[in-house]
Amino acid sequence: MTVRLYDSKAQTLRDFVPLTEGHVGMYVCGPTVQSSPHIGHLRSALVYDLMRRWFTARGDRVTFIRNVTDIDDKILNAAADEGIGDQWWSLAYRVELEFTAAYNALGILPPTYEPRATASVQQMQELIARLIEAGHAYVAADGSGDVYFDTATWPAYGELTRQSRDHMEAAADADPRGKRDPRDFALWKGRKDTEPASAGWDAPWGHGRPGWHIECSAMAARYLGTEFDIHGGGLDLRFPHHENELAQSGADGQRFARYWVHNGLVNVGGQKMSKSLGNSVYADELLELASPLAVRYYLGQAHYRSTLDYSPEALAEAEAAVDRIRTFLARVDRRLAGTRHAETGTDATWPAAFAEAMDDDLGVPQSLAVLHETVRAGNQALDDEDLPVAAERRGQVHAMVRVLGIDPADPAWATDAGPAASALDALVTRLIDDRRAARDAKDWATADRIRAELAGAGITIEDSQTGTHWSLTS
């Protein structure tokens, strides 16, 4: 099977053919680090983590670049609000660490490289100079030091989002003080007297800092070349950010991204998440409500192009789904221990239906359906004492959860239980010990009563040669 991806520029599913066979180059717009990570940031990062994992599982080498925008109007404003305007970089670094911690908590693999915008200013200036020389950019005539991309000189402007320049609204990414046309966007922003001196670099056209859009064009080309495979990001970045990236890179003679991939956004209670509505859900809140493994499962379970609607109930459902997988793997390992089937299936791969779903535009919902059907079949095989089939299903489940990054046995989740789960385990273990003592004393009525109480609380116990084990009822 060939991987097929929905190309936002072509607005259709396309067979994925990499620029270099066996190697995939991906550039994903990372965070602007002015405030703490929220659920939308995590969802976007997880989408491309899953895509990267699938390419890797298929045998491709992936170069994955995810940038950090660490110089921007929003960062300067947030630092000023905190009273540390002259140390804006400390805010940016602090928030960057919060993002890294959230990514790590969810098992999102670190990128091949994670460039900061402030480390590529030279490349941005070189790109701007070429655009000026080619007649696609101009220095503002008012002496401000601003440089703008001249959208009128690029007939293809609007091709990513299929808009006509005549119907576009004014670009709101910079002070329009020196623009020839309201739709022109900033490549360089001359320093204002109200801004800290440290937030600027010397340039031929004046001391200042780069615009947001030029940052990604320069960093993508620097680390992946002027033509690469996939450019990803949230749907909200298609315009103007990605549209402007494509225009300025194209005007520089670059072929740039061969496939444009955009993930859907997050709603909270049926409403778009926004600061103005006060309904933002932050990473630390999610990780207090559910285990990191369950949060990862929840954020990845919908198709990446769909809108994900958040609710605490959805997190609880994800926790239950993860527990079904964990319970099966623990159960099958106990049953197969010491038998000739103990090592059977350890080299198994995923079912064909799983691969077909993942190849079809990263169909994670369908792949999860295959995973849970395999868990169900594995449990049925255990009930039927069909150990060869149970062992085979165990191997398939292991292969699938590893690809999806939700393997309960992964050491990354070793501390995933949390205080509530630890407390529950202590209480249930105490009741199991009481039941064992009653059975040893042949007090069958008490033993049966404890078992019934546990069952009434949604807890299943299973007696085996290795002892009594409990799990939440699926």
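Below: a short report on this structure. Just so you know, these numbers come straight off a predicted model, no measurement behind them.

Definitions and limits used
- Residues numbered from 1 in each chain as written.
- Predicted model: local features only at pLDDT ≥ 70, side-chain atom pairs only at ≥ 80, totals over all residues.
- Heavy atoms only, no water.
- Pairing = 2+ DSSP bridges.
- Helix = DSSP H or I, 4+ residues; strand = E, 2+ residues; numbered from the N terminus.
- Buried < 20%, exposed > 50% of the residue type's maximum accessible area, 1.4 Å probe, protein only.
- Expected span 1.5 Å × (residues − 1).

## Focus: the sheet that holds strand S13 (residues 308-310)
- Spatial ordering of the open sheet is given by S12-S11-S13, a layout of three strands whose pairing is mixed. With partners counted over all chains shown, the strands left at the sheet margins are strand S12 (271-272) and S13, one partner each.
- Of the strand pairs in this sheet, strand S11 (residues 266-268) and S12 are connected by two bridges, and their pairing is antiparallel. Each bridged residue has a counterpart across the sheet, and for Val 268 the counterpart in S12 is Gln 271.

## Let's talk about the pairing of strand S7 (residues 185-190)
- Of all six residues in S7, six are buried; the element is thus mostly enclosed.
- As paired elements, strand S6 (residues 147-149) and S7 share three bridges and run antiparallel to each other. Bridging from a neighbouring strand, Tyr 148 pairs with Ala 186 of S7.
- Relative to strand S8 (residues 208-210), S7 runs antiparallel, the two sharing three bridges. The residue of S8 that forms the bridge with Lys 189 is Arg 209.

## Here we look at unusual backbone geometry
- Cis geometry is adopted by the peptide bond preceding Pro 240, which originates at Phe 239 and carries an omega value of 5°.
- With a phi close to 55°, Gln 11 is a non-glycine residue in the positive phi region.
- On the secondary structure map, Gln 11 appears in the loop between strand S1 (4-7) and strand S2 (12-15).
- Taking the relative accessible area as the measure of exposure, Gln 11 reaches 35% and is therefore partly exposed.
- With a phi close to 55°, Asp 361 is a non-glycine residue in the positive phi region.
- Following the sequence through the fold, Asp 361 ends up in the loop between helix H10 (352-359) and helix H11 (364-383).
- Residue classification places Asp 361 among the buried residues on the basis of a relative accessible area of 2%.

## As for helix H12 (residues 387-404)
- In this model H12 runs 26 Å from its N-terminal to its C-terminal C-alpha over 18 residues, within 8% of the 26 Å that 1.5 Å per residue would give.
- Of all 18 residues that make up H12, 13 are buried, and the element is covered over most of its length.

Nothing here speaks to function; it is geometry throughout.
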